[in-house]
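# Examination of the molecular architecture
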Amino acid sequence: MTSSLTPPRGGAQAHPVDPLPRPARLRPGDILRQGTLGPRIRRLRAMLSALGIALGIAALVAVTGVSASSKAHLLARFDRLGSNLLTVSPGKGLDGTQTTLPPQAEKMLSRIGPVQQATAVTTTDAKVYRTPYMPKDRDGGLQVVGARRSLLSALRGELTAGRWLDTSSERLPTVVLGHDAAEALGLHTPGTRVLIADHWYAVIGILRANELAPEIDRSVLMSWTNAVKDLGADGTASTVYLRTDPDKVSAVQNVAGATANPAAPQNVAVSRPSDLLKARYETVSGLGSLVIALASVALLVGGVGIANTMVVGVMERRGEIGLRRSLGARTGQIATQFLIEAAVLGAVGGIIGALLGAVGVFGYATWERWPMVIPPAILVTGPTVAMAVGLLAGLYPALRASRLAPTEALRSL
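What counts, and where the lines are drawn
- Residues numbered from 1 in each chain as written.
- Predicted model: local features only at pLDDT ≥ 70, side-chain atom pairs only at ≥ 80, totals over all residues.
- Heavy atoms only, no water.
- Helix = DSSP H or I, 4+ residues; strand = E, 2+ residues; numbered from the N terminus.
- Buried < 20%, exposed > 50% of the residue type's maximum accessible area, 1.4 Å probe, protein only.
- Contact = heavy atoms within 4.5 Å.
- Areas by Shrake-Rupley, 256 points an atom, 1.4 Å probe, with all protein chains shown as cover.
- Patch = residues over 30% accessible without salt bridge, like charges linked within 9 Å, V, L, I, M, F, W, Y side chains within 5 Å.
- Salt bridge = Lys/Arg side-chain N within 4 Å of Asp/Glu carboxyl O.
- Core = buried A, V, L, I, M, F, W, Y, C linked by side-chain atoms within 4.5 Å.
- Axes fitted to C-alpha atoms, helices over the stretch in contact; angles between N-to-C directions.
- Parallel < 35°, antiparallel > 145°, perpendicular 65-115°, else oblique.
- Left-handed = near helix turned anticlockwise from the far one by under 90°.
- Nonpolar A, V, L, I, M, F, W, Y, C, P; charged D, E, K, R; others polar.
- Pairing = 2+ DSSP bridges.
- pLDDT = per-residue confidence, 0-100.
- Expected span 1.5 Å × (residues − 1).
- Arc of directions from axis to C-beta.
- Phe/Tyr/Trp six-rings, centres within 6.5 Å; stacked < 30°, edge-to-face > 60°.
- Lys NZ or Arg CZ within 6 Å of the ring centre and 35° of its normal.

The next point concerns the overall build of the chain. Of the regular secondary structure elements, the chain holds 14 helices and eleven strands. Expressed as a percentage of its 413 residues, the buried residues of the chain come to 42%. Pairs at least 24 apart in sequence give 80% of the contacts found in the chain among residues at least 6 apart. When the accessible surface of the chain is totalled, it reaches about 22500 Å², and 61% of it is carbon and sulfur.

If you want it as structure tokens, here you go:
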């Protein structure tokens, strides 16, 4: 039996067969370090490339946050003012002339079942001035109206200073100024006087702005009794305000016209002020959509910037790519390196943009005195979208780098 240690016949020496070379393998940590090498070395270029992505994400976060903050503010106003307010006022007749409400309109409207509270104002032709030396045509467009004592509670209005009309001041020459009326007259505290129909009236209160009844903001309000007795008002309601059951607002709105003026319901205008606020919010949301479109353009520009940077990086690093290929780096490893670099640029731009957008929302909400609301999803989605844009932008340069032949790439050394 021949031993395994016996040399083969003929005296020839056996040479061990070399095993096949193993393909080069890199650990994930090594690939990550290689992918972040470019941004760490070329910091200025990397930051400029990420700037476009940052601006796009900042605009996206800012628009979304401002829109959400505005909506939260509006809902808070609805909760405080209520969306169950209806206004009933005279409309125009078939010939285009202004009509009036019947004398019994206020009382009839208050008898509608779901109506919880009814109040009214009556207009006058009087003008109000700060001093008797003001020209008669410089009245500021303010109106003097007689108001029911229940007006403030029905509108859920608030006073910035002073007090509201009450029983003790009903027959005294006293008035309460709406917010805009006080600004126009230059009055900010009660205790002063204003001139109405050549008579002095003491200012006992100033109202806060009321979004659901902006016509009250430009009014000088006195008691209903004084408006009829001193200023010759006819005592007919010019506007009736109705607080209704929140679940029956539409039903009351449908019958209010016929109830106020059964003979000519078409001459009565019934409106829901909260609908105007909702329309305004929808307008702001429409503008937000436009800004989001612009943010998308900024993201596209940022992606093009990253692609351009990556293509230039491939051209500058051809020697490095050729050397790595000649040392055994595979095409997939080269492509992964450049894809990671593009993703890092996109992610950095996305994070910076999200922070800038959040700061912008905070500043604007603080300025407008709104609650700051930023949907958490947008803070996650923004950088994720930015990283995806970076990956797409770096796909072509990564493929181009991986397809470089080692001999061709080494010629640039």
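Here we take up the environment of Val-63. Assignment of secondary structure puts Val-63 in helix α3 (residues 43–81). Judged by relative accessible area, Val-63 falls into the buried class, the value being 14%. When the C-alpha atoms of Val-63 and Val-361 are compared, they prove to be 8.1 Å apart, with 298 residues separating the residues in sequence.

On the surface, Leu-44, Leu-48, Leu-51 and Leu-55 cluster together into a nonpolar patch covering about 430 Å² of accessible area. If you trace the backbone, Leu-44 turns up in helix α3.

The residue Ala-197 is not glycine, and still its phi comes out positive at about 50°. Structurally, Ala-197 is set in the loop between β7 (193–196) and β8 (199–207). Judged by its relative accessible area of 36%, Ala-197 is partly exposed. Although it is not a glycine, Arg-369 sits at a positive phi angle of roughly 60°. The residue Arg-369 is located in the loop between α12 (331–368) and α13 (376–402) in this model. A relative accessible area of 76% means that Arg-369 is categorised as exposed.

For the structure shown, the criterion picks out four salt bridges. With a closest N to O distance of 3.0 Å, Arg-148 and Glu-106 form a salt bridge. Here Glu-106 lies in helix α4 (residues 105–110) and Arg-148 lies in the loop between β4 (143–147) and α5 (151–155), a separation of 42 residues in the sequence.

Here the focus is the nonpolar core. Ile-53, Ile-57, Val-61, Ile-306, Met-310, Phe-338 and Ile-374 are the most contacted members of the largest nonpolar core, which totals 23 residues. For this core, the secondary-structure elements that each account for two or more residues are α3, α10 (273–316), α12 and α13. Tallying contributions element by element places α12 first for this core, with eight residues. Counting 20 residues, the second-largest nonpolar core is a separate cluster that includes Val-144, Leu-177, Leu-187 and Tyr-201.

Where α12 meets α13, the closest approach of the two axes is 6 Å, and the angle between their N-to-C directions is 150°. Regarding the angle of α12 to α13, the classification is roughly antiparallel. Along this stretch, α12 crosses α13, giving a crossing that reads as right-handed. Where α12 approaches α13, its residues Thr-331, Ile-334, Ala-335, Phe-338, Leu-339, Ala-342, Ala-343, Gly-346, Ala-347, Gly-350, Ile-351 and Ala-354 are matched on the opposing element by Leu-379, Pro-383, Ala-386, Met-387, Gly-390, Leu-391, Gly-394, Leu-395, Ala-398, Ala-401 and Ser-402. For the contact of α12 with α13, the per-class residue count stands at 17 nonpolar, six polar and no charged.

Of the pairings in the sheet, the one linking strand β3 (residues 128–129) to β7 comprises two bridges and is antiparallel in character. Within β7, the position partnered with Tyr-129 by the bridge is Leu-195. Of the strand pairs in this sheet, β7 and β8 are connected by four bridges, and their pairing is antiparallel. From the neighbouring strand, Leu-195 faces β8, where its bridge partner is Trp-200. Linking two consecutive strands that pair antiparallel, namely β7 and β8, is a turn of two residues; a positive phi of about 50° is found at Ala-197 within it.

Working note: regular strand, side chains alternate between the two faces of the sheet. Burial analysis of strand β1 (residues 85–90) places five of its six residues in the buried class, which makes it a mostly covered element. Two elements, β1 and strand β11 (residues 268–271), share four bridges in a ladder whose sense is antiparallel. When the sheet's bridge partners are listed, Pro-90 is paired in β11 with Val-268.

Assignment of secondary structure puts Asn-226 in helix α8 (residues 224–231). Judged by relative accessible area, which is 0%, Asn-226 ranks as buried.

With respect to the secondary-structure elements, Lys-127 resides in the loop between β2 (115–123) and β3. Each C-alpha atom of the pair Lys-127 and Ile-196 lies 5.9 Å from the other, and the pair is 69 residues apart in sequence. For Lys-127, the residues in contact, after removing those within four places along its chain, are Asp-139, Val-144, Leu-195, Ile-196 and Ala-197.

With that settled, consider the confidence of the model for the chain. With 77% of its residues at a pLDDT of 70 or more, the chain has an overall mean of 80. Throughout residues 1–5 the model reports pLDDT below 50, and contacts reaching past four residues in sequence, or to other chains, amount to zero contacts.

The next subject is helix α9 (residues 249–260). Between its terminal C-alpha atoms α9 stretches 16 Å, which fits the 16 Å expected from twelve residues at 1.5 Å a residue. All of the buried residues in α9 are Val-249, Val-252, Ala-256, Gly-257, Thr-259 and Ala-260. Down the axis of α9, the buried set is contained in an arc of 165°. They therefore lie on one face. Looking at the buried positions of α9, the neighbouring elements they touch are β1, α4, β2, β10 (239–244) and β11.

For the rest of this paragraph, the subject is the packing of aromatic side chains. One pass over the full model with this rule turns up one aromatic pair. Relative to Trp-370, the ring of Tyr-364 has its centre 5.6 Å away and its plane inclined at 75°; by these criteria the two rings are edge-to-face. Taking NZ or CZ as reference, Arg-148 lies 3.6 Å from the ring centre of Trp-224, over its face. A cation over an aromatic ring shows up here: Arg-193 above the ring of Trp-200, its NZ or CZ 4.5 Å from the ring centre.

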